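Residue strings, one per chain:
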Amino acid sequence: MSNVQEAVEAAASHLHPPGSFEPDEHPVPTGREEVWRFTPLKRLQNLHKDIPLDGQDYTVDVQAAPEITAESVAADHPAKGSSGYVPTDRVSARAWQAADKVFLVTIPKETVAAEPTVITLRGSGTKTAAAGHLVVQAGPFSESTVVLLHEGSATFADNIEVVLAEGARLTLVSVQDWDDDAVHHTHHHAVVGRDASLKHAAVSFGGDLVRMNASVAYDGPGGEVEMLGLYFADAGQHLEHRLFVDHNAPHTRSDVLYKGALQGKGAHTVWIGNVMIRKAAEGIETFETNRNLVLTDGCQADSVPNLEIETGEIVGAGHASATGRFDDEQLFYLQSRGVPEDEARRLVVHGFFADIVRRVGVPEIERRLLESVEDELAKNVGLPPATPVGAAG
Amino acid sequence: MATLEIRDLHVSVDTEQGLKGILNGVDLTVRSGETHAIMGPNGSGKSTLAYSIAGHPKYRITSGSVTLDGVDVLSMTVDERARAGLFLAMQYPVEVPGVSVSNFLRTAKTAVDGEAPQVRTWLKELNSAMEALSMESDVAQRNVNEGFSGGEKKRHEIMQLELLNPKFAVLDETDSGLDIDALKVVASGVNRFREQGDRGVLLITHYSRILRYITPDFVHVFVAGRVAEEGGRELAEELESEGYDKYVKAAAAS
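Everything numeric in this text was worked out from a predicted model, so none of it was measured.

*Asks:* Help me understand the overall build of chain B, please; the structure alone is not making it clear to me.
*Replies:* For chain B, the helix and strand inventory stands at eight helices and twelve strands. For chain B, whose C-alpha radius of gyration is 18 Å, the value lies close to the compact-globule estimate of 18 Å for 254 residues. For chain B, the spread of C-alpha atoms along the three principal axes comes to 60 × 40 × 40 Å. The buried share of chain B, taken over its 254 residues, is 54%. Partitioning the contacts of chain B with sequence separation of at least 6, the portion at a separation of at least 24 is 71%.

*Asks:* Looking at this structure, I do not really get the overall build of chain A. What am I missing?
*Replies:* Within chain A, the secondary structure is distributed over five helices and 16 strands. Taking 21 Å as the expected radius of gyration for a compact globule of 393 residues, we find that chain A reaches 21 Å, a close match to that expectation. If you line up chain A on its principal axes, its C-alpha atoms span 60 × 50 × 45 Å. Residue burial in chain A is summarised as follows: out of 393 residues, 56% are buried. Within chain A, contacts between residues at least 6 apart in sequence are counted, and of these 88% link residues at least 24 apart. Taken as a whole, chain A presents about 15,400 Å² of accessible surface, with 50% of it coming from carbon and sulfur. Of the side-chain charges in chain A, 32 are positive and 57 negative, and the distance between the mean point of each set is 4 Å.

*Asks:* Looking at this structure, I do not really get unusual backbone geometry. What am I missing?
*Replies:* Trans peptide bonds make up the majority, and among non-glycine residues the majority have a negative phi. All names here are of chain B. We note that Asp 8 has phi near 45°; this positive angle belongs to a residue other than glycine. Residue Asp 8 is classed as partly exposed on the basis of its relative accessible area of 39%. With phi around 50°, Asp 69 is a residue other than glycine that occupies positive phi space. Locating Asp 69 in the fold gives a position in the loop between strand S4 (59-68) and strand S5 (71-72).

*Asks:* Honestly, the layout of surface pockets in this entry has me stumped. Any pointers?
*Replies:* Gaps left between atoms show up when a probe the size of a water molecule is rolled over them. Empty space within the second largest pocket amounts to approximately 630 Å³. Taken together, 29 residues form the lining of the second largest pocket, with Gly 351, Phe 352 and Ala 354 of chain A together with Pro 97 and Gly 98 of chain B sitting closest to its centre. For the lining of the second largest pocket, the secondary-structure elements that each account for two or more residues are strand S12 (253-262), strand S14 (285-294), strand S16 (316-325), helix H4 (341-360) and helix H5 (363-380) of chain A together with strand S7 (96-100) of chain B. A per-element tally of the lining of the second largest pocket places H4 of chain A first, with nine residues. In terms of residue class, the lining of the second largest pocket is made up of eleven nonpolar, eleven polar and seven charged.

*Asks:* When you look at the interface of chain B and chain A in this model, what are you seeing that I'm missing?
*Replies:* With 34 residues of chain B at the interface, the matching set in chain A holds 21 residues. Regarding the contact of chain B and chain A, the summed buried area is about 2,200 Å², with carbon and sulfur atoms giving 68% of it. In terms of surface lost to chain A, no three residues of chain B exceed His 56, Asp 79 and Val 94 of chain B, which account for 21% of the buried area on that side. Applying the counting criterion to the chain B and chain A interface returns one salt bridge. Put simply, Arg 337 of chain A and Glu 157 of chain B hold a salt bridge, and the shortest N to O gap is 2.6 Å. One can count ten residue pairs in polar contact (both at pLDDT 80 or more) joining chain B with chain A. When contributions to the side of chain B that touches chain A are tallied by element, the ones reaching two or more residues are helix H1 (46-54), helix H2 (78-84), strand S6 (86-89), S7, helix H3 (101-113) and helix H5 (150-164) of chain B. Counting residues per element, the side of chain B that touches chain A draws most heavily on H3 of chain B, which supplies six residues. Counted by class, the side of chain B that touches chain A contains 21 nonpolar, eight polar and five charged residues.

*Asks:* It is not clear to me how helix H7 (residues 233-242) of chain B should be interpreted in this structure. Could you clarify?
*Replies:* Within an α-helix, residues lying three or four positions from one another point in the same direction, as the helix has 3.6 residues per turn. Residues and elements named next belong to chain B. If you check which residues of H7 are buried, you get Leu 235, Ala 236 and Leu 239. Projection of H7 onto a plane perpendicular to its axis shows the buried side chains occupying an angular sector of 105°, all on one side. Structural note: H7 exposes Glu 237 and Ser 241 on the side pointing more than 90 degrees away from its buried face. At its buried positions, H7 is contacted by strand S3 (35-39), strand S11 (218-223), strand S12 (226-231) and helix H8 (245-253). Of the residues one or two after H7, Gly 243 is the one with positive phi, at around 75°.

*Asks:* What should I look at first to understand H5 of chain B in this one?
*Replies:* Residue and element names in this part refer to chain B. Compared with an ideal rise of 1.5 Å per residue, which puts 15 residues at 21 Å, H5 spans 21 Å between its outermost C-alpha atoms and is within 8% of the ideal. H5 sits mainly inside the fold: 13 of its 15 residues count as buried. Of the residues trailing H5, Asn 165 is marked for its positive phi of about 45°.

*Asks:* Would you take a moment to explain empty space enclosed by the protein for this structure?
*Replies:* Evaluated as defined, the whole model comprises four cavities of 30 Å³ or more. The volume enclosed by the largest cavity comes to roughly 80 Å³. Within the residue set of the lining of the largest cavity, elements represented by two or more residues are H1, H2 and S6 of chain B. Along the lines of polarity and charge, the residues of the lining of the largest cavity split into nine nonpolar, one polar and one charged. The space that makes up the second largest cavity amounts to roughly 50 Å³. Taken together, Asp 57, Tyr 58, Leu 121, Gly 125, Thr 128, Ala 130, Ala 154, Thr 155 and Phe 156 of chain A make up the full set of residues lining the second largest cavity. Looking at the lining of the second largest cavity residue by residue, the classes come out as five nonpolar, three polar and one charged.

*Asks:* Teacher, can you tell me more about the sheet that holds S4 of chain B here?
*Replies:* Strand pairing in a sheet takes place through backbone hydrogen bonds and is either antiparallel or parallel in direction. All names here are of chain B. Here four strands make up an open sheet; going across it, the order is S2-S1-S4-S5 and the pairing antiparallel. Only two strands of the sheet have a single neighbouring strand rather than two, namely strand S2 (18-31) and S5. The sheet contact formed by S4 and S5 spans two bridges and is antiparallel. The residue bridging Leu 68 from the neighbouring strand is Val 71, located in S5. Where H1 meets the sheet, its contacts fall on strand S1 (3-15), S2 and S4, and the angle it forms with S2 comes to roughly 75°.

*Asks:* Quick question: what am I supposed to make of the pairing of S11 of chain B here?
*Replies:* Across a regular strand the side chains alternate sides, sitting on one face of the sheet and then on the other. Residues and elements named next belong to chain B. With five of six residues buried, S11 lies mostly within the body of the structure. Pairing analysis gives four bridges linking S3 to S11, with the strands arranged parallel. Across the sheet, the residue bridging to His 36 is Phe 218, located in S11. In the sheet, S11 pairs with S12 via five bridges, with the strands oriented antiparallel. Within the sheet, the bridge partner assigned to Val 221 lies in S12 and is Glu 229.

*Asks:* What am I meant to see in the packing of helix H3 (residues 328-335) of chain A against H4 of chain A here?
*Replies:* The relative placement of two packed helices is expressed as an angle between their axes plus a distance between the axes. All names here are of chain A. Relative orientation of the contacting elements H3 and H4 amounts to 125°, with a least axis distance of 9 Å. By the angle between their axes, H3 is oblique relative to H4. In the packing of H3 onto H4, the handedness of the crossing is right-handed. Counted together, Gln 330, Leu 331, Leu 334 and Gln 335 of H3 and Glu 341, Ala 344, Arg 345, Leu 347 and Val 348 of H4 form the full contact between these two elements. In terms of residue class, the contact of H3 with H4 is built from five nonpolar, two polar and two charged.

*Asks:* Please explain the side chain of Ser 176 of chain B as it appears in this structure.
*Replies:* Residues and elements named next belong to chain B. Its location among the elements puts Ser 176 in the loop between strand S9 (168-172) and helix H6 (180-195). At 2.9 Å, the side chain of Ser 176 and the backbone oxygen of Glu 173 are in polar contact. Setting aside its immediate chain neighbours within four residues, Ser 176 contacts Gln 91 and Lys 154.

Criteria and thresholds
- For every chain, the first residue of the written sequence is number 1, and numbering continues from 1 along that sequence.
- Chains and ligands are labelled by the order in which they are written, letters from A for the one and numbers from 1 for the other.
- Only residues with pLDDT of at least 70 are given local features in this predicted model, and only at 80 or more are side-chain atom pairs given and counted; all residues enter the totals for whole chains, interfaces and linings.
- Only hydrogens and water are removed before side-chain values are computed, so all heavy atoms of the structure are retained for them.
- Strands are runs of DSSP state E lasting at least 2 residues, helices are runs of H or I lasting at least 4, and numbering of each runs from the N terminus.
- Throughout, the radius of gyration refers to the C-alpha atoms, and the reference size of a globule is 2.2 Å times the residue count to the power 0.38.
- Any residue under 20% of the maximum accessible area for its type is buried, any over 50% is exposed, and the rest in between are partly exposed; the area is computed with a 1.4 Å probe on protein chains only.
- What makes two residues a contact is simply this: any of their non-hydrogen atoms within 4.5 Å.
- Method for areas: the Shrake-Rupley scheme with a 1.4 Å probe, in which residue coverage is limited to the protein chains shown.
- Note that His is not counted, nor are the chain ends; the positive residues are Lys and Arg, and the negative ones are Asp and Glu.
- In this description, the location of a charge corresponds to atom NZ of lysine, CZ of arginine, CG of aspartate or CD of glutamate.
- Buriedness of a pocket was judged along seven lines, with at least five required to meet protein on both sides within 12 Å; pockets are open sets of points on a 1 Å grid over the protein atoms alone, cavities are sets where a 1.4 Å probe fits but cannot get out, and lining residues have an atom within 4 Å of a point.
- Grid points are joined across faces, edges and corners, and a volume is the space filled by probe spheres set on the points.
- For this classification, Asp, Glu, Lys and Arg are treated as charged, while Ala, Val, Leu, Ile, Met, Phe, Trp, Tyr, Cys and Pro are nonpolar and the rest, including Gly, are polar.
- Once two parts are joined, some of their accessible surface, as seen by a 1.4 Å probe, is lost; buried area is that loss totalled over both.
- Just to be clear on terms, a salt bridge is a Lys or Arg side-chain nitrogen sitting within 4 Å of an Asp or Glu carboxyl oxygen.
- Under the rule applied, a polar contact is a pair of N or O atoms within 3.5 Å (in protein, one hydrogen donor and one hydrogen acceptor; residues adjacent in sequence only if both atoms are side-chain atoms).
- Directions drawn from the helix axis to the C-beta atoms are what define this arc.
- The span one expects for a helix is its residue count, reduced by one, times 1.5 Å.
- Two strands qualify as a pair provided that DSSP identifies no fewer than 2 bridges between them.
- Orientation is described by axes fitted as lines to C-alpha atoms, over the contacting stretch for helices, and by angles from 0 to 180 degrees between their N-to-C directions.
- Roughly parallel refers to an angle under 35 degrees, roughly antiparallel to one over 145, roughly perpendicular to one between 65 and 115, and oblique to any angle outside these ranges.
- Should the near helix be turned counterclockwise from the far one by less than a right angle, the crossing is left-handed, whereas a clockwise turn marks it as right-handed.

Structure representation (structure tokens):
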């Protein structure tokens, strides 16, 4: 084997470590591992160690579209594992084993759901830790929207499997709007069937620590994935999104756009964008972008795009990442037209998020997103303005 | 009748080599109804004067005063200055992603007037302002200055001038980079503003070309951070034929 091949496979195994359903096959992380190095393990409430995941301090409310079934089924239901997902870290493997039931959302073949299905998980305390497992199965040529809302206070680890049959179109929005003390570790894994189309949107506002893995693989050519993210970290919050798009089938597409804002001391966001283009994945197209807007001093935004390419026979592949201070020139321009400073800041931040909110494209959720941005901005009122940087002459 | 008065204004900017003086004692009085042209070579401090009046944080006023009807402008925030009746048309208007022109203009109009404009009359006003400056009708839905051509940006500035209708307008090289057709459109907007009779204009330019379309009452030659010569419109014609050499040499010798 040539050195180049070895290097490629080594890199591949880094992006795509072998999984296991057995927690014991995943050593307790120390924080030095590549996949854990950004996460403050001390604040994980021992989810990565051995805290029992048998808590019941939460409620689930479901408002399903009439065409769709949403039900709780036994943990040994064949839907579990139907996405081909195998946990790749200890917390996810522990959640897999601990979840004593599966929540199953089924969108029947060729069904077009008239309204979104909304599942609200509301935590009522962090004393105990809980595990969850959700499977969303979108039947052939179905069209639907599923919204997951996470609220309240909880220590929660879960796995979410999403299976799109051929030609299915699904929008899945996951909103992490927890209270300040919540800790949430989640893995979303989607398998996208032939000519199917998934829009996955992650929205993280609340919680002390949120760590989301979102991975996607294809089951046939022609699949399309749009992954959108919007996050807003305040003082002391850790919000981490780790994406992995596995282009394992030809003529598939992926388009990733994550945007985040940070404000206050110790606000920390992490975005990892891993994309793998396998040898078989000829004619694919992928692009990923992460943009961060730093509103005050004392914040940290980590942004790491990785692209691994095993075939050059593709339409296009690229990534972009940028983290910038609040643009004082924009502020000056708006203020010079009479707009007061706080309103000018609000306009600029709304403007920063405007395209991503529009692309999520779920009217029911759009207002909530804009209101959440508004709430976050309200927290910032009274803070001194960001220090001016390099104004143009 | 309003008066914008600039007295002995000294302004510096922070550079890597420390504080650098740019304006060295500017005296200028603009009364409503008057148009003053400020002409000068590159680097003479013309734009610094414009941004200092508007309150850009990059510029530090080290001494002197700017007053509007006797009220201290320099102690006002940037937005307070705008609400007091000052307007700056910028040489390089700033892009504001995600904020539509229509949202921006309505927000600015509301801020300057102290109340939201009536929906029906506002749309009419907006459309006629756009039409008067030959703006494409889709501009209102586009993001502020994003993807605008150079000419569109300048026309957008003058459109704001007409909609916000301040007491005094500072136009910072609004003519630079415009072809003759765009220049005429922009000049006609400025002239509509002037024709109200009680508005003041401080028109900063490098070239005398625009003065053929906007006739100044006074011309000031700006060199090395101060006014080196003052006169009527005939001074602009002299500068057109002789350039700034005479003034630059005199300033260097002093």
